[in-house]
Amino acid sequence: MMILSILSLNSLDKSCSTWVTTASIFRGEPRALSTSDGYTLIAVNTTVNSSLLGVGNSNRKKRKIAECNGENKEENDWVPTPKFINHDDFKLKIVNRLTVQISNIGQLHRISSSQNFKSYNILAVEPLNDQVFQDILTSSSTSSINIITCNIKTSITPKQYTIAMEKNIYFEVSYAPMLVNHIARQDTLSLAHLFHMKGKSKNVIVSSGAVNKLDIRNPHDVMNLGILLGLSRKQSKESITQGCYSIILQRYEKKK
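Residues numbered from 1 in each chain as written. Predicted model: local features only at pLDDT ≥ 70, side-chain atom pairs only at ≥ 80, totals over all residues. Heavy atoms only, no water.

**Describing helix α7 (residues 219–228)**
Residue pairs three or four apart in sequence face the same way in an α-helix, which turns once every 3.6 residues.
Move 1: Along α7, the residues that are buried comprise Pro 219, Val 222, Met 223, Leu 225 and Gly 226. The buried residues of α7 all sit within an arc of 160 degrees when viewed along its axis, so they share a single face.
Move 2: The secondary structure elements touched by the buried residues of α7 are β7 (204–207) and α8 (233–238).
Move 3: Backbone nitrogen of His 220 and a side-chain oxygen of the N-cap are separated by 3.0 Å at the start of α7; the cap is Asn 218.
Move 4: Immediately beyond the C-terminal end of α7, within one or two residues, lies Gly 230, with a positive phi of roughly 100 degrees. (Buried < 20%, exposed > 50% of the residue type's maximum accessible area, 1.4 Å probe, protein only. Helix = DSSP H or I, 4+ residues; strand = E, 2+ residues; numbered from the N terminus. Arc of directions from axis to C-beta. Contact = heavy atoms within 4.5 Å. Polar contact = N/O pair within 3.5 Å; in protein donor to acceptor, adjacent residues only side chain to side chain.)

In structure tokens form, the structure reads like this:
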């Protein structure tokens, strides 16, 4: 039913106001939100730190050490249970996003074997080094990834950007950090500029990354911000509409 609703909204996107056909990635308490904020689809984020995943299974020697230390037990589910929220606004759809910070590709394999992972609608990966970023793009076992969360230290080539697009992977810019201080604001602008230089800002979504409602901006403000971040007017609109819905639909297709 949730997917049918998304399809309906997406198909009416050209005739409806973006105020009611917009998606957002939100990291706070969804009970504080409603369609009056301008969003009909909210993704609530849960982050798993790489330290909780151990060494993964990409290095045989490290894996053996982990087994000796009892860190590699299959009965441990490294992914927390997603937040299922009951709310009164029947027009508001809430989905669950999992963001995983990984330092080697083996940690991603551990996530994929989790039972709780199957309950999430979106998978975002934050590579902590350039090697794992490259492994994500070249590995055949990373088809479950929807979003790559980068920072200004991530080394991206135009070829890598193209490969990510061919895999239907989106890049993300979050605007909430821009509200913290001028350093975070400059880092966000630099990251957006990096996406523009390497891939002409294609396959970019703009998410809130907010931890409370006060940090969320309405869709029209976000679209204007997208232009400031180097996106064209069309890209800016798609970064909070079709782009986000495409991610949900891709995940749904992979679960079928």
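**Quick notes on the pattern of salt bridges**
Move 1: For the structure on display, the rule yields one salt bridge.
Move 2: Taking the shortest distance from any N to any O, the salt bridge between Glu 172 and Arg 97 comes out at 2.7 Å. On the criterion of sequence distance, the pair formed by Glu 172 in strand β6 (residues 170–174) and Arg 97 in strand β3 (residues 93–102) is long-range, its members being 75 residues apart. Of the two residues, Glu 172 and Arg 97, both sit in the buried class. (Salt bridge = Lys/Arg side-chain N within 4 Å of Asp/Glu carboxyl O.)

**Digging into the pairing of strand β4 (residues 122–127)**
On any regular strand, side chains alternate: one points to one face of the sheet, the next to the other face.
Move 1: Of all six residues in β4, six are buried, a share of seventy percent or more.
Move 2: Residue alternation in β4 divides its side chains into two sets, Ile 122, Ala 124 and Glu 126 and Leu 123, Val 125 and Pro 127, and both sets are buried.
Move 3: Bridge count for β3 against β4 is six bridges, and the pairing is parallel. Following the sheet pairing, Arg 97 is matched in β4 by Ile 122.
Move 4: Taking the sense of rotation as the criterion, the β-α-β connection linking β3, helix α3 (residues 105–112) and β4 turns out right-handed.
Move 5: In terms of strand pairing, β4 meets strand β5 (residues 147–148) through two bridges, oriented parallel. Looking at β5, one finds that Ala 124 is bridged to Ile 147.
Move 6: Crossover β4 to β5 through helix α4 (residues 130–138) is right-handed. (Pairing = 2+ DSSP bridges. Right-handed = clockwise from strand over helix to strand, strands pointing away.)

**Topic: the packing of α4 against helix α5 (residues 158–166)**
Move 1: Where α4 meets α5, the axes come as close as 9 Å, and the angle between the chain directions of the two elements is 45 degrees. Comparing their axes, α5 and α4 come out oblique. Judged by the sense of rotation from one axis to the other, the crossing of α4 with α5 is left-handed. Contacts from Phe 133, Gln 134 and Leu 137 in α4 reach Gln 160, Ile 163 and Ala 164 in α5.
Move 2: Of the residues belonging to the contact of α4 with α5, the class tally is four nonpolar, two polar and no charged. (Axes fitted to C-alpha atoms, helices over the stretch in contact; angles between N-to-C directions. Parallel < 35°, antiparallel > 145°, perpendicular 65-115°, else oblique. Left-handed = near helix turned anticlockwise from the far one by under 90°. Nonpolar A, V, L, I, M, F, W, Y, C, P; charged D, E, K, R; others polar.)

**Structural notes on unusual backbone geometry**
Move 1: One non-glycine residue, Asn 168, lies in the positive phi region at around 60 degrees.
Move 2: In this structure, Ser 201 is a non-glycine residue whose phi angle is positive, near 60 degrees.
Move 3: Among the structural elements, Ser 201 can be located in the loop between α6 (182–199) and β7.

**Some details on the layout of surface pockets**
Move 1: There is about 380 Å³ of room inside the largest pocket.
Move 2: Of all the secondary-structure elements, those providing two or more residues to the lining of the largest pocket are β3, β6 and α6.
Move 3: Of all the elements, α6 adds the most residues to the lining of the largest pocket, at four residues.
Move 4: When its residues are assigned to classes, the lining of the largest pocket shows six nonpolar, eight polar and four charged. (1 Å grid on protein atoms, 1.4 Å probe; cavity = no way out; pocket = protein on both sides within 12 Å on 5 of 7 lines; lining within 4 Å. Points joined across faces, edges and corners; volume = space filled by probe spheres on them.)

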